There are 4 protein chains.
Amino acid sequence: MNTNNKPWILTAKCPSQLGTVDAATRYMANAKNYINEIHSFDDKESQTFFIRVEFSPQDPAFDQDKLQLDFGQHAKKFEMEWQLRSPQCRPKVAILVSKYDHCLNDLLYRHRTGQLDIDIPVIISNHGDLRELAQWHGIDFHHLPITKATKVAQEADIVSLLAKYKIELVVLARYMQILTPAMCQHLDGWAINIHHSLLPGFKGAKPYHQAWDKGVKFVGATAHYVTNDLDEGPIIAQGVHSVGHELYPADLIAKGQDIERVTLFNAVRYHVEMRVFINGSRTVVFGD
Amino acid sequence: MNTNNKPWILTAKCPSQLGTVDAATRYMANAKNYINEIHSFDDKESQTFFIRVEFSPQDPAFDQDKLQLDFGQHAKKFEMEWQLRSPQCRPKVAILVSKYDHCLNDLLYRHRTGQLDIDIPVIISNHGDLRELAQWHGIDFHHLPITKATKVAQEADIVSLLAKYKIELVVLARYMQILTPAMCQHLDGWAINIHHSLLPGFKGAKPYHQAWDKGVKFVGATAHYVTNDLDEGPIIAQGVHSVGHELYPADLIAKGQDIERVTLFNAVRYHVEMRVFINGSRTVVFGD
Amino acid sequence: MNTNNKPWILTAKCPSQLGTVDAATRYMANAKNYINEIHSFDDKESQTFFIRVEFSPQDPAFDQDKLQLDFGQHAKKFEMEWQLRSPQCRPKVAILVSKYDHCLNDLLYRHRTGQLDIDIPVIISNHGDLRELAQWHGIDFHHLPITKATKVAQEADIVSLLAKYKIELVVLARYMQILTPAMCQHLDGWAINIHHSLLPGFKGAKPYHQAWDKGVKFVGATAHYVTNDLDEGPIIAQGVHSVGHELYPADLIAKGQDIERVTLFNAVRYHVEMRVFINGSRTVVFGD
Amino acid sequence: MNTNNKPWILTAKCPSQLGTVDAATRYMANAKNYINEIHSFDDKESQTFFIRVEFSPQDPAFDQDKLQLDFGQHAKKFEMEWQLRSPQCRPKVAILVSKYDHCLNDLLYRHRTGQLDIDIPVIISNHGDLRELAQWHGIDFHHLPITKATKVAQEADIVSLLAKYKIELVVLARYMQILTPAMCQHLDGWAINIHHSLLPGFKGAKPYHQAWDKGVKFVGATAHYVTNDLDEGPIIAQGVHSVGHELYPADLIAKGQDIERVTLFNAVRYHVEMRVFINGSRTVVFGD
């Protein structure tokens, strides 16, 4: 059997009920799709079922449209929200940045080496500093400066660019602007932010200073979906690092960058590999 | 639906082929067994499929014998080795120790508080030191001293005790004796040993001294199944701890005890929860 | 040179100034005290200097009173607060508990095996459940029940017991009572509490439920000195554990116990080894 | 007092004896050098003392040559090997690479952002692939191809380049060539290599394949000084990552790159900050 190529991915979510796993797997077996990997979770609290299947079609007559149609009818019975992705699909990702480049540099490196199987057609920034880095990677760079007066207009420009580039995921890689509620709403569910603290601890500005002030022994970073509620969106990934009394806020900032970039990378990768489901104010993440 | 009680567990292993997941889940759906949790893995290298299902019967007429019979026939088609465990089942575990008590104390504590859902009818030791600890927990203690001359006889006594107490799992909790090949063979697949190093590094005696001598920055512990090959059985769990230049071998030994006991506990728990499959010289572990 | 026995310990704290390290080490060299280990920290923010010295006297005529007198005069010039401890000294520790026994069990185990070089003359509880465990370890157990009406009187009884047993450190090992401000003040600086969250996150009741509700990917525990400000005292040690979506609050509670007990043990050990200094609302901890 | 600028660093190593700490600190106090940070270790096994002092001169008439002379005479009495570094000094580092760029990319990024306070005048490779990356960072790139026949000549060319660029530290950032004994000897004590396993486990080729084959639950990386003994030089830093059964060798290689680059960075930083001492076949590392 040919199971070594990049697989297809099917994800689904529905109310908990008898036969949910079977709903997905019986279809796969009948359609001669070899299951490479399967994850599911049945949340007792929200009474919701989540499943993710990686599969390799074995039937030479395999047809995506037919699957869409057949499985779609099947899924309706279970009230499933579902998605299918072909191996050829590479999500289009836009990165928003300001001046810090540690997260951007990391994402670009992993993009360049294939660890992140995505397209990055555009980088948008409210500063011009990172233009050269973007250009070395051959990526369009748009400098959209911002002032209090131009905030709404600038966000409108961003929205236009996202549409123009057909963006499917927005990554706020230390984009140091508070988005308007309207912008948050526009990005709901398809934008990931990195915050430099173990949320919900140390929300808001200068979290490393707050952490130092409290004398904590661990600092961290949080990657979460953007929602209306600042720093409160569903958490996708977190990272931690132990710290001692000898580190000042500036040291925490420096050390924290390594956690931030890995945490953001993990969240982006999980998202583009369709491993993340929003479950109310929380997430389900099928890690690897 | 009643899915909150302790669930039933079904595990299976078979050659990789189309429809393996479906083989388990379709049966479950047809039999009205609600799947609480499912894990599977398809090993591309050994071409072997592994699955573990936690389920709660919804059919008031649920009958274990019928399931055994029905699923057994179904499983035969896929050449499945499979096991079923009822919620009432509590595996009988024997613990072998010498003088170190950190692992024993930990297992007994977790047994007493219900973290380990097992019966421990007997503790066997080549020394008498830990009798009092065993007795405080109300567990039979057998002191079977050993000399070079009596090794085979002593092991025969152990084998008798394991049979008498109907033991299903043997835990070598820092039992400081090298078992004979015959004894290893007897215990193959149902005995777990804890070794105080990150195997395969630092096999044999005094691993913390070896680690110190090499100046390593991490030490660890390894829980593995007992096989004929000393310290080479399939690894179930490992734990690590960072160490610095200021620690001498005695310090490593002291610090290592915390890793050993947690690592052994994890391995025992994974085993008794049927989360571990032997996959050649390796294991598949469906963690939680 | 004889440097292998348990060493003497000198700690000191004073305003930052030129010559602070020399103030301690020159005295040591002149007095023929061999320094086994030395740690110091000069806090640029609070402008405070901290030092801890482990030493082994080499002079056969070594005399503790003379050191007290000589170093005391020397230290006065630097406005040092300082402490000296002889190798014979074993701090007297009282443990307060309610019904949870995971921290108590751990502390008693480490006490019994010598990892914690302390005396535990008494265990005090507002419940009677853990009497048997205390008694097996040969430790006095006092059951002091508490109601809203008797809280002040019960705390007075605790204070009396602490005095009677000449207690030097109080450990709140999951003692599930909120102390009165008067009691907090009485214990200021010599009582350690374990809180089951990564403070300052999830203060107050049911922190694991709070953590689950927020969907965090790490939970933790915090050991801190008791102060008037509930859950706000200087943090001595913290521990973390990664968690996934599949864990419910009850699972977090169970997993958290392993972090709590290790974190509390570390804090107690650091304290009794004189490795901890209070530095305003923060601590300086000279780990090993 | 002015203690905020980049400090001077003094390190020393000598046979254990009474007064070693005082030897350094009394001099500092007398010379009006404010000690910002001090670390020392007295190795009971090798009977060797190590010390590292960060200090800020307070005397306007501070003179480096005078310190060299005065402290030098002082140090002679203790048979100290010692080194002094001024805040202006930036060590010159050469990086050797082949085709893998994850370590190189990381070092260059940290160099560019100032996390690594070094000069990198030259990158040398046996392949031409990474020329563009070097050039974007404005660093000379020398492509020195190698065959069995030309190995000795190629190494001679490397030696010439190291001399020409006045290199003080050589970093083998996944340089996939086994150095000749003569080259190892030439680099003894001033070259750091990254090996992609937790040495001494999995020495030699394809360590991730070895690790996978053994079914270990942790993989890691080791940064060590180059010595004649392949993969056996004193270990400076190690990193680990937990792995599960679902990862194949190719996955371990991919995941391992993150550990490799952080581990190598840590080792290089420790070295250039004069935090590392060779102690026989081991190291003393004064971390931060």
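Bear in mind the structure is a predicted one, so any value in this text is a computation, not a measurement.

(A) Examining the sheet that holds strand β9 (residues 191–195) of chain D more closely. Residue and element names in this part refer to chain D. Spatial strand order, β7-β6-β5-β8-β9-β10-β11: seven strands in an open sheet with mixed pairing. Across the chains shown, the open sheet's two edge strands, defined by having one partner strand only, are β7 (140–143) and β11 (235–242). Neighbour to neighbour, the strand axes of the sheet diverge by 15 degrees on average, direction disregarded. Relative to strand β6 (residues 119–125), strand β5 (residues 92–97) is paired through five bridges, and the arrangement is parallel. Paired with Leu96 across the bridge in β6 is Ile124. Packing against the sheet, helix α3 (residues 102–112) makes contact with β5, β6, β8 (169–172) and β9, and its axis sits at approximately 165 degrees to β6.

(B) Examining the environment of A:Glu54 more closely. Residues and elements named next belong to chain A. You can see Glu54 is positioned in strand β3 (residues 48–57). As a C-alpha pair, Glu54 and Thr11 span 43 residues in sequence and 8.8 Å in three-dimensional space. Ignoring any residue separated from it by four or fewer positions in sequence, one finds Glu54 in contact with Pro7, Trp8, Ile9, Tyr34, Ile35, Asn36, Glu37 and Arg275. Polar side-chain contacts of Glu54 include one of 3.0 Å to the side chain of Arg52.

(C) Examining the packing of helix α7 (residues 207–214) of chain B against helix α8 (residues 249–272) of chain B more closely. Residue and element names in this part refer to chain B. One way to put it is that α7 packs onto α8 with a least axis distance of 9 Å and a crossing angle of 120 degrees. Taken together, the axis directions place α7 and α8 in an arrangement best described as oblique. You can see that α7 and α8 cross each other, and the crossing is right-handed. Judged by residue contacts, Tyr208, His209 and Trp212 of α7 engage Pro249, Leu252, Ile253, Gly256, Gln257 and Glu260 from α8. Here the residues of the contact of α7 with α8 are counted per class, giving five nonpolar, three polar and one charged.

(D) Quick look at the domain arrangement of chain A. Residues and elements named next belong to chain A. Per the domain assignment, the segments of chain A are domain 1 (8–85) and domain 2 (92–285). Measuring from the centre of the C-alpha atoms in domain 1 to the corresponding centre in domain 2 gives 31 Å. Sorting the residues of domain 1 by area buried against domain 2 places Phe50, Arg52 and Arg85 first, and these three jointly supply 49% of that buried surface. Counting across the domain 1 and domain 2 interface gives two salt bridges. Among the elements that make up the side of domain 1 that touches domain 2, the one with the highest residue count is β3 (five residues).

(E) Representation of the side chain of D:Asp43 in the model. Among the secondary structure elements, D:Asp43 is positioned in strand β2 (residues 33–43). Lacking a salt bridge, the buried D:Asp43 has D:Arg282 as its closest oppositely charged neighbour, with an N-O distance of 4.6 Å. Only 2.8 Å separates the side chain of D:Asp43 from the backbone nitrogen of D:Glu45, close enough to count as a polar contact. Looking at D:Asp43, its side chain comes within polar contact range of the side chain of D:Asn279, at 2.7 Å. Not counting residues up to four positions away in its chain, the partners in contact with D:Asp43 are B:Tyr248, D:Ser16, D:Thr48, D:Phe50 and D:Asn279.

(F) Quick look at the relation of the copies chain C and chain B. The two copies are related by a screw operation: chain C maps onto chain B through 180 degrees of rotation and 0.0 Å of translation along the axis, at an RMSD of 0.0 Å. Classification of the inter-copy transformation places it as that of a two-fold axis. Every residue of chain C has its C-alpha some distance from the rotation axis, and the shortest such distance is that of C:Trp136, at 4.0 Å. In this assembly, 100% of the residues forming the interface of chain C have copies in chain B that are likewise at the interface, indicating an isologous arrangement.

(G) Structural view of the relation of the copies chain C and chain A. Superposition record for chain C on chain A: RMSD 0.0 Å, screw rotation 180 degrees, translation along axis 0.0 Å. Most of the interface of chain C is mirrored in chain A: 100% of its interface residues are interface residues there too.

(H) Broad picture of the interface of chain C and chain A. Every contact between the two is made by 32 residues of chain C and, on the other side, 32 residues of chain A. Summing both sides of the interface, chain C and chain A together bury roughly 2800 Å²; the carbon and sulfur share of this comes to 61%. The three residues of chain C that bury the most area against chain A are C:His245, C:Tyr248 and C:Arg282, which together make up 26% of that side's buried surface. Between chain C and chain A we count two salt bridges in total.

(I) Summary view of α8(B). The end-to-end C-alpha distance of α8(B) is 33 Å, a good match for the 34 Å that 24 residues give at a rise of 1.5 Å each. Positive backbone phi, approximately 60 degrees, marks B:Met274, located one or two places after α8(B).

(J) Molecular detail of the packing of helix α1 (residues 20–30) of chain C against helix α1 (residues 20–30) of chain D. Put simply, α1(C) and α1(D) touch, their axes get as near as 9 Å, and they point 130 degrees apart. If you check the angle between α1(C) and α1(D), you find them oblique. Our pair here, α1(C) against α1(D), has a crossing hand that is left-handed. Contact with α1(C), carried on its side by C:Val21, C:Asp22, C:Thr25, C:Arg26, C:Ala29 and C:Asn30, involves D:Val21, D:Asp22, D:Thr25, D:Arg26, D:Ala29 and D:Asn30 of α1(D) and no other residues of that element. Of the residues in the contact of α1(C) with α1(D), the class split is four nonpolar, four polar and four charged.

(K) Looking closely at the pattern of salt bridges. Per the counting criterion, the structure on display carries 76 salt bridges over all chains. Between B:Asp117 and B:Lys6 there is a salt bridge, with the nearest N and O atoms lying 2.5 Å from each other. In this pair, B:Asp117 sits in the loop between α3 (102–112) and β6 (119–125) while B:Lys6 sits in the segment before β1 (8–15), placing the two residues 111 residues apart along the sequence. A salt bridge links B:Glu260 to B:Arg174; the shortest N-O distance between them is 2.7 Å. Of the two residues, B:Glu260 sits in helix α8 while B:Arg174 sits in the loop between β8 (169–172) and α6 (181–187), which places them 86 residues apart along the sequence. Residue classification places B:Glu260 among the buried residues on the basis of a relative accessible area of 0%. A network of salt bridges, in which partner residues are shared, links A:Glu37, A:Arg52, A:Glu54, A:Arg269, A:Glu273 and A:Arg275.

(L) Representation of the interface of chain C and chain B. Contact residues are listed per partner, giving 19 residues for chain C and 19 residues for chain B. Per-residue buried area on chain C facing chain B is highest for C:Tyr109, C:Trp136 and C:Arg261; these three make up 34% of the total on that side. Here chain C is connected to chain B by six salt bridges. A salt bridge links B:Asp258 to C:Arg110, with the nearest nitrogen and oxygen atoms 2.8 Å apart. There are ten residue pairs in polar contact (both at pLDDT 80 or more) connecting chain C and chain B. For the side of chain C that touches chain B, the secondary-structure elements that each account for two or more residues are α3 (102–112), α4 (131–136) and α8 (249–272) of chain C. Considering each element in turn, the side of chain C that touches chain B owes the most residues, six residues, to α3(C). Per-class residue counts for the side of chain C that touches chain B are three nonpolar, five polar and eleven charged.

What counts as what
For every chain, the first residue of the written sequence is number 1, and numbering continues from 1 along that sequence. All chains are assigned letters beginning with A, and all ligands numbers beginning with 1, in the order in which they are written. With pLDDT at 70 or above as the cut-off, local features in this predicted model cover only qualifying residues; side-chain atom pairs require 80 or more to be listed or tallied, and sums for whole chains, interfaces and linings still use all residues. With hydrogens and water set aside, each side-chain value is computed from the structure's full complement of heavy atoms. In this analysis, strands are considered paired if DSSP registers two or more bridges between them. Comment: elements are numbered from the N terminus, with helices defined as DSSP H or I runs of at least four residues and strands as E runs of at least two. Every axis corresponds to a line fitted to the C-alpha atoms, with the helix fit spanning only the stretch in contact, and the corresponding angles, defined between N-to-C directions, vary from 0 to 180 degrees. In what follows, residue pairs with any heavy atoms lying within 4.5 Å of each other are defined as contacts. Polar contacts, as used here, are pairs of N or O atoms within 3.5 Å; protein pairs need one atom able to donate a hydrogen and one able to accept it. Residues neighboring in sequence count only if both atoms are side-chain atoms. Here the word oblique covers every angle except those under 35 degrees (roughly parallel), over 145 (roughly antiparallel) and from 65 to 115 (roughly perpendicular). Handedness of a crossing is defined here by the sense of rotation of the near helix relative to the far one, left-handed for an anticlockwise turn of less than a right angle and right-handed for a clockwise turn. In this classification, the charged set is Asp, Glu, Lys and Arg, the nonpolar set is Ala, Val, Leu, Ile, Met, Phe, Trp, Tyr, Cys and Pro, and all remaining amino acids, among them Gly, are polar. Where a domain begins and ends is set by an automatic assignment or by a domain database. Note: buried area is the sum, over both parts, of the accessible area (probe 1.4 Å) each one loses when the two are combined. We count a salt bridge whenever a side-chain nitrogen from Lys or Arg sits within 4 Å of a carboxyl oxygen from Asp or Glu. Relative accessibility under 20% of the residue-type maximum defines a buried residue, over 50% an exposed one, and the middle range a partly exposed one, all with a 1.4 Å probe and only protein chains included. All tallies of charge rest on Lys and Arg as positive and Asp and Glu as negative; His and the ends of each chain are not included. Copy-to-copy alignment: least squares on C-alpha atoms, limited to residues at pLDDT 70 or above in both. Between the first and last residue of a helix there are one fewer steps than residues, each counted as 1.5 Å, and that sum is the expected span.

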